[in-house]
Amino acid sequence: MKLQFSPEDEQFRAEIAGWLADNLVGEFAQLKFRGGPGDEHMFPEERKAWERKLAEGGWTCVGWPKEVGGRGLSIEQQVIFFEEYARAGAPGRMGHIGEGLAGPTLIAFGSEEQKSKYLPGILSGTEFWCQGYSEPSAGSDLANVKTKARFDEASGKWQINGQKVWTSLAHESEYCFVIARTDPESKAHKGLGFFLIKMDQPGVTVRPIEQITGTSEFNEVFFDDAECAAEDIVGQPGDGWKVAMGLLGFERGVSTLGQQMAFQNELNEVVKLAKDNGAAKDPLIRQRIADAHIGLKIMRYNSLRMLSGGSDGSLQKEALIYKLYWATWHRDLGELAVDILGPEADIMVNAPYELNRLQSLFLFTRSDTIYGGTNQIQRNIIAERGLGMPKELRPV
Amino acid sequence: MDFAFTEEQQMIRDTAAAFLKASSSSAAVRAAMVSDKGFDPALWQSICADMYWQALHIPEQYGGMGLGYVELVAVLEQMGRYLLCAPYMSSVAMATNALLVAGTDAQKALYLPQIIEGKIASLAFNSASRDWDACAVSVTYRRDGNDFILNGNYRYVLDGDNADVMVFAARDEGSVGENGISLFVCPTDLNGIERAALPTMDQTRRQATITVTNLRLDESTVMGDVGKADKHLNKILDLATIALAAEQAGGMQEVLDMSVEYSKSRSQFGRTIAGFQAIKHKAADMMLRGEVARSAVYYAACIADEALNDGPLANELSEAASIAKSHCSEAYFKNAGEALQIHGGVGFTWEYDVHLYFKRAKASEHFLGGSGYHRERVAKMLLD
Ligand SMILES: Cc1cc2nc3c(=O)[nH]c(=O)nc-3n(C[C@H](O)[C@H](O)[C@H](O)COP(=O)(O)OP(=O)(O)OC[C@H]3O[C@@H](n4cnc5c(N)ncnc54)[C@H](O)[C@@H]3O)c2cc1C
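Under an unreviewed UniProt entry, the name given to chain B is Alkylation response protein AidB-like acyl-CoA dehydrogenase, and the source organism is Zhongshania antarctica. As recorded by UniProt, the Sequence similarities (unreviewed entry) comment attached to chain B reads in full: "Belongs to the acyl-CoA dehydrogenase family." UniProt's Cofactor (unreviewed entry) comment on chain B is quoted here verbatim: "FAD".

Where an unreviewed UniProt entry is consulted, chain A appears under the name Alkylation response protein AidB-like acyl-CoA dehydrogenase, with the organism given as Zhongshania antarctica. On record in UniProt, under Cofactor (unreviewed entry), the comment for chain A is "FAD". In its Sequence similarities (unreviewed entry) section, the UniProt record describing chain A reads: "Belongs to the acyl-CoA dehydrogenase family."

Shown next as structure tokens:
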């Protein structure tokens, strides 16, 4: 075990920190610390411009292999990249779904044609993606999707019909990856396909959903005879579940170190507030602040373990617990923030419903324990895959 | 940066696990814990002669193996897992660390080889205080020529009644807080040392009181700076705290394994209780707490190495120790409590081992400071 980074890695740190300091200025200065969780609806156009700026510097898709146009950074340097990115307060990434989910899926499962058609737009920060998984009747039980994909022999295209829900940033995206049923008679995870669908077409309607924060970052997406070219299915009809699940394996947690740096920024704000308003003298608040600090430190050690572990992609125990751990930690931080604000927590910045950062943190972090597998689903997964306990009963 | 065990470290851990699984079985633990000394002298001798565990992190110049704290916690984790009854925490994590941190060359050359050979050593500093740093010291010393005369009463001394060698912390008469602290090392057969075992709820770890009455120690026994050894003592205690947290992490793993295994074998309502979500979710949370504990302990062990070798991260020691101990204390007890619940009625019996862990968890939580104590230490760093 060793904790220090090599001199080359530290030099790399200086390089990225320098680039950010030089470029996060002028029109981009207003984006500092913006666009993160709870703030994702803010400055979309400006943040898209920032994505193009990043791309010019070669700072998008830093973990992708060089062969497909990525920067091919080592795990260590990716860690450093994400840490410095968050430390500089650079804005929440508009491109994270394309870079972190769609791209890696295509790299692993896509055809050559799909790669050359879709990867360049992600790399250049000009095309954005959303994730069309959840449906009204398919939440935790994702395999219960009802959206249908029918191959129309006449036009030689797939026709998609159905409804997706909770689709983050659908209103800002060029494309959506969708799981839909290719075999109408099939049930559960059999008979699904994985489709790459263009959003700007008559068969696709996006309707924003107002969230607990009063803002809208996610949407309902309706497909009414939406078209998808024959070559825009990833893998074969029936492979959809495999492709969708493969995607989960790509999240090895490198970007989570950047997320933690953003958490650190939030915690710093909470600590400062407690010192300023006197809450830091309350023994219970002191305990909770210390607990938050301890929890975040350990989150970092967890990730370092996770990243140092076997590169064979095998599921490690520390990786299994990761989501449950950070989501719960973050939600607790939100509660701590408003408890430190005390009665001020109820007073809005402006009518009708303008939240300050900590109020927004409090509300938005309620979603952390829901999306990407709820805490309960995470516990099922840990018990079943980590401890070999029996699977949940399913009606036959 | 590589935050994973090396192959050699894995081997040390696996060897420890295999050895302890065989030698510190439930029957062995139960026999040792009610024996006179509270441990099995033959096993202790084997640990030193066959496994060299007392020598692990002692530098080679004193006959040790010269390995690091990561190797040490790898072994301690397994000791906690198999509930080893032995004066290891006292001899290695407390007394050896004291010698490494504050001992003179002569003291190290004299005592470290004895510890390596299986002599028992411990550290006495606390006299029924809820503090676990230099402020806990209330035994006093006064100068008499070149000698020091110690008076007072120590409590919670691990293996104090069995120890051959003691490190004593005492304060200059009239001093308060962190001021006036000195450390001494001496054999236990001197006049003026009276020792008595304390019966403990956790029978797997022995504690004692030591009363020193006009104990006369000469200058050769002084460790570190006279009257200014608080920093040494605090460092020793931080190192011991990390060792204890490693044991706690190991115990957490074992109560999880026991519970999962039991839940898979016990049927109610026509299915194994492992299938009930209320049980699965308890187990999942236990695993989370156990993995988190390991991350905290391994990190702290890396920092302990830095502290023992004056590395660049040495100043993180107190924080890393408090992070590990504050997490592990509540987490181990929580896991032990959940284990008892998952076992139902048999968890409440003397026959099943759950209670041994349950009691060890509570005793370990309090010793060297519980979660609240360590969180307040962190809060001070952050807020004051
Ligand atoms: C902010 C936000 C952004 C999102 N973005 C996207 C997106 O971009 N794309 C997308 O596809 N989806 C997205 N989602 C949807 C998200 O993945 C789902 O909300 C999530 O999977 C839970 O599904 P559900 O809301 O239908 O809840 P349900 O599945 O109905 O769950 C309701 C409750 O029942 C519990 N429950 C369900 N099943 C079990 C079980 N087997 N055992 C125990 N308890 C159970 C759950 O834990 C939960 O407490 C987003 C959600 C949020 C909140």
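Caption draft 1: A look at the UniProt feature "domain: Acyl-CoA dehydrogenase/oxidase N-terminal" (unreviewed entry) in chain B. The UniProt record annotates "domain: Acyl-CoA dehydrogenase/oxidase N-terminal" (unreviewed entry) at residues 6–119 of chain B. Along residues 6–119 of chain B, the helical share is 65% and the strand share 0%, with 31 Å between the first and last C-alpha atoms.

Caption draft 2: Structural detail: the environment of S216(A). All names here are of chain A. Topologically, S216 is positioned in the loop between β6 (204–208) and β7 (218–229). When its relative accessible area of 25% is taken as the criterion, S216 is described as partly exposed. Separated by 158 residues in sequence, S216 and T374 place their C-alpha atoms 21 Å apart. In contact with S216, other than residues within four places in its own chain, are H41, H171, P208, I209, E210 and Q211. A polar contact is formed between the side chain of S216 and the backbone oxygen of I209, at a distance of 3.1 Å.

Caption draft 3: Looking closely at the side chain of R206(B). Residue and element names in this part refer to chain B. Within the secondary structure, R206 sits in the loop between β6 (193–198) and β7 (207–217). As a buried residue without a salt bridge, R206 has its nearest oppositely charged side chain in D161, at a separation of 5.0 Å. Among the polar contacts listed, one links the side chain of R206 to the backbone oxygen of S35, at a separation of 3.0 Å. Setting aside its immediate chain neighbours within four residues, R206 contacts M33, V34, S35, D36, K37, G38, V157, L158 and D159.

Caption draft 4: Molecular detail of the domain arrangement of chain A. Residues and elements named next belong to chain A. What the domain assignment lists for chain A is domain 1 (7–94), domain 2 (129–240) and domain 3 (252–386). Computed over C-alpha atoms, the centres of domain 1 and domain 3 are 22 Å apart. Taken together, both faces of the contact between domain 1 and domain 3 bury some 1200 Å²; the carbon and sulfur share is 69%. Contact with domain 3 buries area across many residues of domain 1, yet I75, F82 and E83 alone supply 38% of it, more than any other trio. Applying the counting criterion to the domain 1 and domain 3 interface returns one salt bridge.

Caption draft 5: Region of interest: the site of the ligand. Inspection of the region around the ligand gives 18 residues, with S134(A), S140(A), W166(A), T374(A) and Q277(B) positioned closest. More than a single chain frames the ligand: its nearby residues are located in chains A and B. A distance of 2.8 Å is found between a nitrogen atom of the ligand and a backbone nitrogen or oxygen belonging to Q131(A). N380(A) is positioned with one of its side-chain polar atoms (N or O) 3.3 Å from a nitrogen atom of the ligand. Taken by itself the ligand offers 970 Å² of open surface, and the protein chains cover 68% of this. Going through the elements one at a time, β3 (157–168) and α12 (375–387) of chain A are the ones with two or more residues in the shell around the ligand. By residue class, the composition of the shell around the ligand is six nonpolar, 12 polar and no charged.

Caption draft 6: Spotlight on unusual backbone geometry. In this model, A351(A) is joined to P352(A) through a cis peptide bond whose omega is -5°. Inspection of the secondary structure assignment puts P352(A) in the loop between α10 (322–341) and α11 (357–364). Backbone geometry places L368(B), a non-glycine residue, at a positive phi of 65°. Relative to the elements of secondary structure, L368(B) occurs in the loop between α10 (354–366) and α11 (371–383).

Caption draft 7: Looking closely at the interface of chain A and chain B. Listed as interface residues are 43 residues of chain A and, on the opposing side, 50 residues of chain B. Across the interface of chain A and chain B, roughly 4500 Å² is buried in total on both sides, 66% from carbon and sulfur atoms. Contact with chain B buries surface across chain A, with M1(A), L3(A) and R286(A) losing the most and accounting together for 19% of the total. On the surface where chain A and chain B come into contact, there are seven salt bridges. Among the salt bridges present, the one from E376(B) reaches R286(A), with a minimum N-O distance of 2.8 Å. Taken together, chain A and chain B are joined by 22 residue pairs in polar contact (both at pLDDT 80 or more). When contributions to the side of chain A that touches chain B are tallied by element, the ones reaching two or more residues are α7 (254–277), α8 (283–308), α9 (317–320), α10 and α12 of chain A. Among the elements that line the side of chain A that touches chain B, the one with the most residues is α8(A), at 14 residues.

Definitions and limits used
Residues numbered from 1 in each chain as written. Chains lettered and ligands numbered in written order. Predicted model: local features only at pLDDT ≥ 70, side-chain atom pairs only at ≥ 80, totals over all residues. Heavy atoms only, no water. UniProt positions renumbered as here; feature names shortened; annotations may be inferred. Helix = DSSP H or I, 4+ residues; strand = E, 2+ residues; numbered from the N terminus. Buried < 20%, exposed > 50% of the residue type's maximum accessible area, 1.4 Å probe, protein only. Contact = heavy atoms within 4.5 Å. Polar contact = N/O pair within 3.5 Å; in protein donor to acceptor, adjacent residues only side chain to side chain. Lys, Arg positive; Asp, Glu negative; His and termini not counted. Salt bridge = Lys/Arg side-chain N within 4 Å of Asp/Glu carboxyl O. Domains from an automatic or database assignment. Buried area = accessible area lost by both parts, 1.4 Å probe. Near = heavy atom within 4 Å. Areas by Shrake-Rupley, 256 points an atom, 1.4 Å probe, with all protein chains shown as cover. Nonpolar A, V, L, I, M, F, W, Y, C, P; charged D, E, K, R; others polar.

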